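Inside the fold
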Amino acid sequence: MTKTTGITWAAASARRLKRQFLARRARTGTPVADVAASMLGVHAQVLSAAELSVGLRADGVTRTDVRDALWPTAPLAPPAPAPSPVPALVKTHGPRGTVHLLPARDLPMWCAALPAIPAGTAAFPTDVRLTGEQAGQVVAAIADALDGAFLTIDELGEEVVARTGPWAGDLVMPAFQTMWPRWRQVLHRAGQCGALSFGPSRGRRVTYTRPPHFTPLSPEEASRLLVRRYLYAYGPATPQHFARWLAAPPGWARARYAELAAAGEIEEVRFEGAPAWVAAGDTDFPDAPDRDGLLRGVRLVPYFDAYVVAAQPRELLFPGAAYRRALAGGQAGNFPVLLVDGVVAGVWHQRRRGRRTTVTVEPLARLTARQERELADCAERVGAVLEAAAELVIGEVTVGAHA
């Protein structure tokens, strides 16, 4: 095993793939929460993509298994009680303020670390913004209204206004050619604080509920734990990599690294000739990842998969033509991607019709016969996760980047 001197991209990539269950899928019976934890959350703005992110990493897991982990007992009509079994996963606002599936057991870390990240420039003018006191009132009202209930956004709005005041319902936020009430500007904050999570849809309408009650860690402890967890999953990594993943101020990230380095909780290594960090003592990397089978092979990962968003440096993960074809203005995740031997080597798209789905893959270089066989297996696995029969087509992907 390679130690701290001269860690290569191949060695780091192989270890990341192994820890992400992308080198070898988790065995049948592995809890979906364990898979989500290994990724440090599953991006779920598109729920079917999140289901694929989990299912492609674990044998036997389908979209039904992911939904059952989120909502063990679905409500039938409002105001239905919260399901009695504790969910293994929670769909809520996670890193970067975007919707993620997070293990319920990790909420004490997430819901203390995320609110501790300094906010950027205010998005709204003074006469639209909530004051700090008003924001706190709204978050508390959301938590109270959703405790033991599943509510649509309109139902939740009525409850928030009733608990705070008419000012919360003022239609002052321009959004999608209409105006939203003032209280909605802290919806993501309520999710990051543990006051709100997503429930199962009621027809075409999204519902919200409150996640299981928990005691958060202190912000300092949670932030330090999050850095160590990130480095375990995606290290070696710099403070800039960590900040980019979280959409956090670089100065704040550097300060967290400095604190952990001073405490001996992380250590500096050389990664591709430059300084980077790993968790203290976590310095073993495979010497021959190709020989060990950790890099060799073909994988498909969906929109906004955690691996392609978090693994850095991005120019090594998206080499050459992949940087132009598989990124959207430098942003990762907007295309589902083909991984070949640990790097992005194409894009793909799946289109479902009834009980069948067509998986179209556009490689950026000619595949070998072995790689085509592996790709066929990957497409079949996509169908199994989505509970559909899959047909593989190798050709141009004409669908553009996801917004």
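Now for a description of the structure that goes with this document. (Residues numbered from 1 in each chain as written. Predicted model: local features only at pLDDT ≥ 70, side-chain atom pairs only at ≥ 80, totals over all residues. Heavy atoms only, no water.)

**What about the overall build of the chain?**
Along the chain, the regular secondary structure elements total 15 helices and 14 strands. For 403 residues, the compact-globule estimate of 2.2 N^0.38 gives 22 Å, and the C-alpha radius of gyration of the chain, at 22 Å, lies within 12% of that figure. Overall size of the chain, expressed as C-alpha extent along the three principal axes, is 65 × 55 × 40 Å. Of the contacts formed within the chain by residues at least 6 apart in sequence, a portion of 66% connects residues at least 24 apart. Working note: accessible area of the chain is about 17700 Å², and carbon and sulfur atoms make up 53% of it. (Helix = DSSP H or I, 4+ residues; strand = E, 2+ residues; numbered from the N terminus. Rg over C-alpha atoms; globule rule 2.2 N^0.38 Å. Contact = heavy atoms within 4.5 Å. Areas by Shrake-Rupley, 256 points an atom, 1.4 Å probe, with all protein chains shown as cover.)

**Comments concerning the packing of aromatic side chains**
Under the counting rule described, the total for this entry stands at eleven aromatic pairs. Plain terms: the ring middles of Y230 and F242 are 5.3 Å apart, the flat faces sit at 55° to each other, and that makes the pair tilted. Of the two residues, Y230 sits in helix α9 (residues 219-234) while F242 sits in helix α10 (residues 239-246), which places them twelve residues apart along the sequence. Residue class for Y230 comes out buried when judged on its relative accessible area of 0%. (Phe/Tyr/Trp six-rings, centres within 6.5 Å; stacked < 30°, edge-to-face > 60°. Buried < 20%, exposed > 50% of the residue type's maximum accessible area, 1.4 Å probe, protein only.)

**Brief notes about helix α7 (residues 153-163)**
Burial in α7 covers these residues: I153, L156, G157 and V160. Along the axis of α7, the buried positions cluster into a sector of 105°, meaning they face one direction only. Residues of α7 that are exposed and point over 90 degrees away from its buried face: D154, E158 and A162. (Arc of directions from axis to C-beta.)

**Considering the sheet that holds strand β14 (residues 389-394)**
Strand order across the open sheet formed by five strands is β10-β11-β12-β13-β14, with mixed pairing between neighbours. This sheet does not close on itself; its edge strands, each paired only once, are β10 (298-301) and β14. Across the sheet, the mean angle separating the axes of adjacent strands is 30° when strand polarity is ignored. Its contacts with the sheet put helix α15 (residues 369-385) on β10, β11 (337-340), β12 (343-353), β13 (356-363) and β14, and the angle it makes with β10 is roughly 30°. (Pairing = 2+ DSSP bridges. Axes fitted to C-alpha atoms, helices over the stretch in contact; angles between N-to-C directions.)

**Some points on the sheet that holds strand β1 (residues 42-43)**
One open sheet accounts for three strands, arranged β1-β3-β2; its pairing is antiparallel. For this open sheet the edge positions go to β1 and β2 (89-93), each flanked by a neighbour on one side alone. Two strands pair when backbone bridges link them, and β2 and strand β3 (residues 99-103) are joined in this way by five bridges, in the antiparallel orientation. In the strand pairing of β3, H93 is matched with V99. In this fold helix α4 (residues 63-70) packs onto β2 and β3, with an angle of close to 80° to the strand it touches most, β2.

**Let's talk about unusual backbone geometry**
Cis geometry is adopted by the peptide bond preceding P236, which originates at G235 and carries an omega value of 0°. Looking at the element boundaries, P236 is found in the loop between α9 and α10. Note the cis peptide between Q312 and P313, where omega equals 0°. Relative to the helices and strands, P313 is located in the loop between α12 (306-310) and α13 (314-317). A positive phi angle is found at R96, which is not glycine, with a value near 65°. Looking at where R96 falls in the secondary structure, it is placed in the loop between β2 and β3.

**Brief notes about the pattern of salt bridges**
Counted under the stated rule, the structure contains 18 salt bridges. Among the ionic pairs, E265 bridges to R224, the shortest N-O distance being 2.4 Å. Here E265, found in the loop between α11 (250-262) and β8 (266-271), pairs with R224, found in helix α9; they are 41 residues apart in sequence, far enough to count as distant. Overall, R224 belongs to the partly exposed group, its relative accessible area being 22%. One connected set of salt bridges, linked through shared partners, spans R15, R19 and D282. (Salt bridge = Lys/Arg side-chain N within 4 Å of Asp/Glu carboxyl O.)

**Let's talk about the packing of α9 against α11**
Look at α9 against α11: their axes get within 10 Å of each other, and the N-to-C directions meet at 90°. When the axes of α9 and α11 are compared, the pair comes out roughly perpendicular. Contacts between α9 and α11 involve S223, R224, V227, R228, Y230 and L231 on the former and, on the latter, W252, R256, Y257, E259 and L260. Of the residues that constitute the contact of α9 with α11, the class distribution is six nonpolar, one polar and four charged. (Parallel < 35°, antiparallel > 145°, perpendicular 65-115°, else oblique. Nonpolar A, V, L, I, M, F, W, Y, C, P; charged D, E, K, R; others polar.)

**Section: α15**
For α15, built from 17 residues, the straight-helix expectation of 24 Å at 1.5 Å per residue is met to within 8% by its first-to-last C-alpha distance of 25 Å. Looking at α15, one finds that the buried residues are Q371, L375, C378, A379, R381, V382, G383 and V385. Looking at the residues trailing α15, positive phi occurs at E387, about 60°. (Expected span 1.5 Å × (residues − 1).)

**Structural notes on the pairing of strand β6 (residues 197-202)**
Of all six residues making up β6, five are buried, and the element is well covered by its neighbours. Where β6 meets strand β7 (residues 205-209), four bridges bridge the pair, whose relative direction is antiparallel. Across the sheet, F198 pairs through a bridge with Y208, a residue of β7. From the end of β6 to the start of β7, which pair antiparallel, there are two residues, and G203 there has a positive phi angle of about 70°.

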